Amino acid sequence: MVYEFAGIRVNLLNDRFGLSSFLSGFETENNADLEIDLTEKDIEAEKKYSDSDNEYLLAVSALYRKIAELAPKFNTFLMHGAAFSVDGECVIFTAPSGTGKTTHMRNWFRLLKDRAEPVNGDKPLIRLENGEFFAFPTPWCGKEKIRGDKKAPIKAVCFINRSKENRAEEISKKQAFHALIKSVYLPENEECLSKTLSLLYKFISTTRFYNIFCDISAESAKPAYDKIFNNDTEGFF
């Protein structure tokens, strides 16, 4: 069966681990760009990255790792973050697990109502198309299974920080690089690693980056939205 993720068509040569339900909705009749044979050896190798012994969950992770390893050949990289769109423009929240990316994203949904739509709740693929970077939905969208059904051009990446005050500040490209490199999958393959770094330099040059300091209250979304979109949200609450 061939599946398509961020325009990359992947032929999964076997489904011995029962992933068809997980990948449902991403099937395509187009010819494959990649062929992946997921084996027991891959599952065993995935254990060094995971605390789980569940073969199915290990297979889910191992498949995405294989895709992420080769994605840079298609001007694409994997990023750990929660991606959503506001009036068609994508904002990505990134931070260590447990910091509150999903909570803050949901606060934006409460603030902006139907102006905000999910793209991918956890690990979107980021692809360069015609000089512009887009975030794409994938089946790997976090335990909450938050995802949309279309790509969105990226406007900003925000680094979430727990704080008792709610504010946002734009940061420099140099600061952004040091923070961003921790959130991007870096392939072991040297050619794909080099391509990833090249994509990141382009990504940083075309994207704005912010530190968001916030608590978990619904009110935390407004200062960040105001800073990023330079807009007055009076009346949205």
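Residues numbered from 1 in each chain as written. Predicted model: local features only at pLDDT ≥ 70, side-chain atom pairs only at ≥ 80, totals over all residues. Heavy atoms only, no water.

Draft legend 1. Inspection of the packing of aromatic side chains at higher detail. In this structure the tally under the stated criterion is 18 aromatic pairs. An angle of 75 degrees between the planes, with centres 5.8 Å apart, marks the rings of tryptophan 108 and tyrosine 225 as edge-to-face. Of the two residues, tryptophan 108 sits in helix α3 (residues 101-112) while tyrosine 225 sits in helix α6 (residues 221-229), which places them 117 residues apart along the sequence. By the burial criterion, tryptophan 108 is buried, and tyrosine 225 matches it. When the centroid spacing of 6.1 Å and the interplanar angle of 85 degrees are considered together, the rings of phenylalanine 203 and phenylalanine 209 count as edge-to-face. Taking relative accessible area as the criterion, phenylalanine 203 reaches 0% and is therefore assigned buried. Among the aromatic residues, those joined into a ring-pair cluster are Tyr3, Phe5, Phe22, Phe26, Tyr64 and Trp140. (Phe/Tyr/Trp six-rings, centres within 6.5 Å; stacked < 30°, edge-to-face > 60°. Helix = DSSP H or I, 4+ residues; strand = E, 2+ residues; numbered from the N terminus. Buried < 20%, exposed > 50% of the residue type's maximum accessible area, 1.4 Å probe, protein only.)

Draft legend 2. Focus on the nonpolar core. Formed by 31 residues in total, the largest nonpolar core has its most connected members in Phe5, Leu19, Leu23, Leu38, Leu63, Ile67 and Trp140. No other element matches helix α2 (residues 55-70), which puts eight residues into this core. When near neighbours in sequence (up to four residues on either side) are disregarded, tryptophan 140 contacts Phe5, Phe22, Leu23, Val60, Leu63, Tyr64, Ile67, Asn120 and Lys123. In terms of nonpolar packing, the next biggest core, distinct from the first, is built from 25 residues, Val91, Ala95, Ala168 and Ile212 among them. (Core = buried A, V, L, I, M, F, W, Y, C linked by side-chain atoms within 4.5 Å. Contact = heavy atoms within 4.5 Å.)

Draft legend 3. Main features of α2. Its 16 residues place the ends of α2 23 Å apart at the C-alpha level, agreeing with the 22 Å of an ideal helix rising 1.5 Å per residue. Regarding α2, the residues found buried are Leu58, Ala59, Val60, Ala62, Leu63, Tyr64, Ile67, Ala68 and Glu69. (Expected span 1.5 Å × (residues − 1).)

Draft legend 4. Structural view of the side chain of threonine 76. Looking at the secondary structure, you find threonine 76 in strand β4 (residues 76-78). Residue classification places threonine 76 among the buried residues on the basis of a relative accessible area of 0%. Separated by 2.9 Å, the side chain of threonine 76 and the backbone oxygen of phenylalanine 74 make a polar contact. Residues contacting threonine 76, with those up to four places away along its chain left out, are Ala6, Ile8, Ala71, Leu125, Ile126, Arg127 and Leu199. (Polar contact = N/O pair within 3.5 Å; in protein donor to acceptor, adjacent residues only side chain to side chain.)

Draft legend 5. Molecular detail of the sheet that holds strand β1 (residues 2-5). Strand order in this open sheet of three strands is β1-β2-β3, and the pairing throughout is mixed. The outermost strands of the open sheet, each flanked by one partner alone, are β1 and β3 (34-36). Put simply, the sheet's adjacent strands are angled 30 degrees from each other on average, direction ignored. Sheet analysis places β1 next to strand β2 (residues 8-12), joined by four bridges and oriented antiparallel. Among the inter-strand pairings, valine 2 is bridged to a residue of β2, identified as asparagine 11. (Pairing = 2+ DSSP bridges. Axes fitted to C-alpha atoms, helices over the stretch in contact; angles between N-to-C directions.)

Draft legend 6. Main features of the environment of isoleucine 160. On the secondary structure map, isoleucine 160 appears in strand β10 (residues 152-162). With a relative accessible area of 5%, isoleucine 160 lands in the buried category. Residues isoleucine 160 and glycine 25, 135 residues apart in the sequence, show an inter-C-alpha distance of 31 Å. Sequence-distant contacts of isoleucine 160, that is, excluding residues within four places in its chain, are made with Phe93, Thr94, Ala95, Thr99, His104, Ile212 and Cys214.

Draft legend 7. Molecular detail of the environment of arginine 16. Secondary-structure assignment places arginine 16 in the loop between β2 and β3. Among the residues examined, arginine 16 registers a relative accessible area of 48% and is labelled partly exposed. The spatial distance from the C-alpha of arginine 16 to the C-alpha of cysteine 214 is 44 Å, given a sequence separation of 198 residues. Not counting residues up to four positions away in its chain, the partners in contact with arginine 16 are Asp37, Leu38 and Thr39. Separated by 2.4 Å, the side chain of arginine 16 and the backbone oxygen of leucine 38 make a polar contact.

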